[in-house]
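Below are the chains, spelled out letter by letter.
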There are 2 protein chains.
Amino acid sequence: MARWFDETLYDTQRQSFRIDREIYRGRSEFQEILIFENATLGRVLALDGVVQVTERDEFVYHEMLTHLPLNAHGAARKVLIVGGGDGGILEEALKQPIERAVMVEIDGLVIEQCRKHLPSVCGKAFEDPRTELIVGDGVKFMAETEERFDLIVVDSTDPVGPAVELFGEAFFRAARDRLTDRGVLVTQNGVPFFQPQEISDTYTKRKKLFPLTGFYLAAIPTYYGGFMALGWASNGLDLARPDRAAIAKRHAQLGIATRYYTPDIHVAAFALPSFVQELIR
Amino acid sequence: MARWFDETLYDTQRQSFRIDREIYRGRSEFQEILIFENATLGRVLALDGVVQVTERDEFVYHEMLTHLPLNAHGAARKVLIVGGGDGGILEEALKQPIERAVMVEIDGLVIEQCRKHLPSVCGKAFEDPRTELIVGDGVKFMAETEERFDLIVVDSTDPVGPAVELFGEAFFRAARDRLTDRGVLVTQNGVPFFQPQEISDTYTKRKKLFPLTGFYLAAIPTYYGGFMALGWASNGLDLARPDRAAIAKRHAQLGIATRYYTPDIHVAAFALPSFVQELIR
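Residues numbered from 1 in each chain as written. Chains lettered and ligands numbered in written order. Predicted model: local features only at pLDDT ≥ 70, side-chain atom pairs only at ≥ 80, totals over all residues.

Peer 1: Looking at this structure, how should I read the overall build of chain A?
Peer 2: Helix and strand counts for chain A stand at 11 helices and 13 strands. Here the C-alpha atoms of chain A give a radius of gyration of 18 Å, agreeing with the 19 Å that 2.2 N^0.38 yields for 281 residues. Here the C-alpha coordinates of chain A stretch approximately 55 × 45 × 40 Å along the principal axes. Put simply, 68% of the contacts in chain A that link residues at least 6 apart link residues at least 24 apart. (Helix = DSSP H or I, 4+ residues; strand = E, 2+ residues; numbered from the N terminus. Rg over C-alpha atoms; globule rule 2.2 N^0.38 Å. Contact = placed C-beta atoms within 7 Å.)

Peer 1: Would you mind going over the interface of chain B and chain A with me for this structure?
Peer 2: Where the parts come together, the accessible area they lose is often given as the size of the interface. With 31 residues of chain B at the contact, the number on the chain A side is 31 residues. Among the elements that make up the side of chain B that touches chain A, the one with the highest residue count is strand β2 (residues 13–19) of chain B (6 residues). Grouping the amino acids of the side of chain B that touches chain A by side-chain chemistry returns 15 nonpolar, 11 polar and 5 charged. (Nonpolar A, V, L, I, M, F, W, Y, C, P; charged D, E, K, R; others polar.)

Peer 1: Would you explain the relation of the copies chain B and chain A in this entry?
Peer 2: What connects the two chain copies is a rotation about an axis and a shift along it. After a rotation of 180 degrees and a shift along the axis of 0.0 Å, chain B superposes on chain A with an RMSD of 0.0 Å. Both chain copies can therefore be described as sitting about a two-fold axis. In this assembly, 100% of the residues forming the interface of chain B have copies in chain A that are likewise at the interface, indicating an isologous arrangement. (Least-squares fit on C-alpha atoms with pLDDT ≥ 70 in both.)

Peer 1: Help me out: how do you make sense of the sheet that holds strand β1 (residues 3–6) of chain B in this one?
Peer 2: Sheet strands pair by backbone hydrogen bonding; their relative direction is either parallel or antiparallel. With respect to topology, 4 strands assemble into an open sheet ordered β1(A)-β2(A)-β2(B)-β1(B), the strand pairing being antiparallel. Strand pairing shows two members of the sheet lacking a second neighbour, β1 (3–6) of chain A together with β1 of chain B, which therefore form its edges. Across the sheet, the mean angle separating the axes of adjacent strands is 35 degrees when strand polarity is ignored. Taken together, the 4 bridges between β1 of chain A and strand β2 (residues 13–19) of chain A define a ladder with antiparallel strand orientation. Residue pairing for β2 of chain A: F5 of chain A is matched across the bridge by F17 of chain A. (Pairing = 2+ DSSP bridges. Axes fitted to C-alpha atoms, helices over the stretch in contact; angles between N-to-C directions.)

Peer 1: Sorry if this is basic, but what is going on with the pairing of strand β11 (residues 179–188) of chain A here?
Peer 2: The side chains of a regular strand alternate between the sheet's two faces. All names here are of chain A. Of all 10 residues in β11, 7 are buried; the element is thus mostly enclosed. In the sheet, strand β10 (residues 149–155) pairs with β11 via 5 bridges, with the strands oriented parallel. Looking at the pairing, I152 lines up with L185 of β11. Pairing of β11 with strand β13 (residues 228–234), which is carried by 5 bridges, proceeds in the antiparallel orientation. The residue of β13 that forms the bridge with V184 is S234. (Buried ≥ 20, exposed ≤ 12 C-beta atoms within 10 Å, placed from the backbone.)

Peer 1: Explanation requested: the domain arrangement of chain A in the structure shown.
Peer 2: Residues and elements named next belong to chain A. With domains assigned, chain A is organised as domain 1 (3–54) and domain 2 (58–279). With 5 residues, strand β6 (residues 50–54) is the single largest residue contributor to the side of domain 1 that touches domain 2. Its residues placed into classes, the side of domain 1 that touches domain 2 shows 12 nonpolar, 6 polar and 2 charged. (Domains from an automatic or database assignment.)

Peer 1: Would you mind showing me how to read the environment of T258 of chain B here?
Peer 2: The residue T258 of chain B is located in the loop between α9 (244–254) and α10 (263–268) in this model. Each C-alpha atom of the pair T258 of chain B and E63 of chain B lies 7.1 Å from the other, and the pair is 195 residues apart in sequence. In contact with T258 of chain B, other than residues within four places in its own chain, are S274 of chain A together with E63 and H67 of chain B.

Peer 1: What should I look at first to understand the sheet that holds strand β5 (residues 42–47) of chain B in this one?
Peer 2: All names here are of chain B. On the basis of which strands lie adjacent, the open sheet formed by 4 strands has the order β3-β4-β5-β6 and antiparallel pairing. The two strands at the open ends of the sheet, each matched to only one other strand, are β3 (21–27) and β6 (50–54). With direction set aside, neighbouring strand axes in the sheet form an average angle of 20 degrees. Sheet analysis places β5 next to β6, joined by 4 bridges and oriented antiparallel. In the strand pairing of β6, A46 is matched with V51.

Peer 1: Would you mind showing me how to read helix α7 (residues 169–177) of chain B here?
Peer 2: Three or four residues apart is the spacing at which side chains of an α-helix point the same way, because the helix has 3.6 residues per turn. Residues and elements named next belong to chain B. Those residues of α7 not exposed but buried are F171, F172, A175 and R176. Summarising the axial view, the buried residues of α7 lie within an arc of 140 degrees, below the 170-degree limit, and thus occupy one face. In this fold, the buried residues of α7 make contact with α6 (138–144), β10 (149–155), β11 (179–188) and α8 (196–209). (Arc of directions from axis to C-beta.)

Peer 1: I tried to follow the packing of α7 of chain B against α8 of chain B on my own but got confused; where do I start?
Peer 2: How two helices pack is summed up by the angle between their axes together with the distance between the axes. Residue and element names in this part refer to chain B. In contact at an axis separation of 10 Å, α7 and α8 are set at 40 degrees when each is read in the N-to-C sense. Considering the angle they form, α7 stands oblique to α8. For the pair α7 and α8, the crossing hand works out as right-handed. Touching E169, F172, R173 and R176 of α7 are K205, R206 and L209, all from α8. In terms of residue class, the contact of α7 with α8 is built from 2 nonpolar, no polar and 5 charged. (Parallel < 35°, antiparallel > 145°, perpendicular 65-115°, else oblique. Left-handed = near helix turned anticlockwise from the far one by under 90°.)

Peer 1: Help me understand the pairing of strand β3 (residues 21–27) of chain A in this model?
Peer 2: Residues and elements named next belong to chain A. Among the 7 residues of β3, 0 are classified as buried, and the element is accordingly described as predominantly exposed. Of the strand pairs in this sheet, β3 and strand β4 (residues 32–38) are connected by 6 bridges, and their pairing is antiparallel. Residue pairing in the sheet places E22 in a bridge with F36 of β4. Hairpin remark: β3 followed by β4, antiparallel, with 4 residues in the connecting loop.

Peer 1: When you look at the confidence of the model for chain A in this model, what are you seeing that I'm missing?
Peer 2: Interpretation of the predicted coordinates at a detailed level should be avoided for regions scoring low in pLDDT. Per-residue confidence for chain A gives a mean pLDDT of 97, with 100% of residues at or over 70. Predicted as a complex, the structure gets a pTM of 0.97 and an ipTM equal to 0.96. (pLDDT = per-residue confidence, 0-100.)

Peer 1: Help me out: how do you make sense of the nonpolar core in this one?
Peer 2: Most often, soluble globular proteins keep nonpolar side chains buried together rather than apart. Core analysis: the biggest nonpolar cluster contains 176 residues, and A218 and L230 of chain A together with A218 and L230 of chain B have the highest contact counts within it. Excluding its chain neighbours within four sequence positions, the residues that come into contact with A218 of chain B are V60, Y61, M64, F227, M228, L230 and A269 of chain B. (Core = buried A, V, L, I, M, F, W, Y, C linked by C-beta atoms within 7 Å.)

Put into structure tokens, the structure is as follows:
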């Protein structure tokens, strides 16, 4: 009889993946880590019972949190990634002509196991000379660093467990102060249909701190429940008014082979369904 | 211990809903019918083990298959619905100033049980004087009718079981001949990430039959796997080049309270991720 992984995110509905081969199971200081193989989705990473990444659909999330803000910015040099232990954001960001990528991930065991068992997600990103990897607390790093970044990506789990502070006002304020003038913060903000509070809470906090803030959407197959909301905030760049011509020109010049992102998708991602608009009113 | 409904669409991944109360279970001449209550999704209809509609998220699918083509057309009077036994398409279409809606659903038991147990989906649509309900075979109706329609919506199950002919070339040809000059056919075409063949097959067939055809997307929480593809085809209306100003004006004038659809969502729905574009090349 087949073994199944049942995601534990919700009480009344769930997604499940068949475990065709268990690859790694362990417990770090912070969370339960499970990596397994599924015939359709490839290798799957789950933390504390919640799907974080699958080989087959990771491109959607990773492209939309890197190429979208980087193409909109147009001249980013320094990128900070908080979380993102699987290396997918790092790898995608390094496809852009940036000079430096700092990644601060709290769980060294996640990095170690992902590098070993999910090499298709991180590629050679951890060996890239532009990468500085810090195994440590992103909240503490953000409060203490004096460096400023053109893009800060928060690639975290949901706001329970180790990631809760990454959704707090103090962290958002610190991130704001670490952005360059046209720098932008982007974050995962849950699936509005099933997690409406995540987007509402984040919006309430950020609109007090940033002159420019909002959300864009991506449909990520294994983040169950329709669109996921990706939050953004900036002191000087209005991400919600994309310059399609400039974006298309840059995307064509860079020639990065994307599988979800296109300049049209970039623009379309800012169209919010009515029920999502109501959550941030 | 809680009882769960496990959707049987795929072998390696699935969604499940907790059955908080079973409301109806029966077998028609065509399929297994199950209606149950779920604390998060409201009442849920499943046919042959596959989720068709939930009270909580039905608005996405129904709005996008009615208001989008009807607002693009701008002057539709006659609508034909093939399938759609829950009445959700019918109800949404009747919010528009149309003169006549013909609905041809093969399974009378589905209609009967949905009217009884899912009244929030169909509203008063079946009693509307503009409605003509035909319990019968949509394929046969399409081949025999001499009436022409401004909008034909095919709201079917996936191309297995009773719906298989609704994805066939003969049916598409008959539908083409039953459209007015600017009339448009819209259909559900599966979730491209998990059902890539549905969109590819449909495109191959339709491009031989229609001068104008393509797909647009909607993220429907309980059609598991990211975006669903909605197919369109027309002899004279290029749905993929929406006139945003005209659409916004009409939407404002009609004042229909939509919960997913907006004029911006209308335009954005035609932006296809690269991996979807590749399926229809």
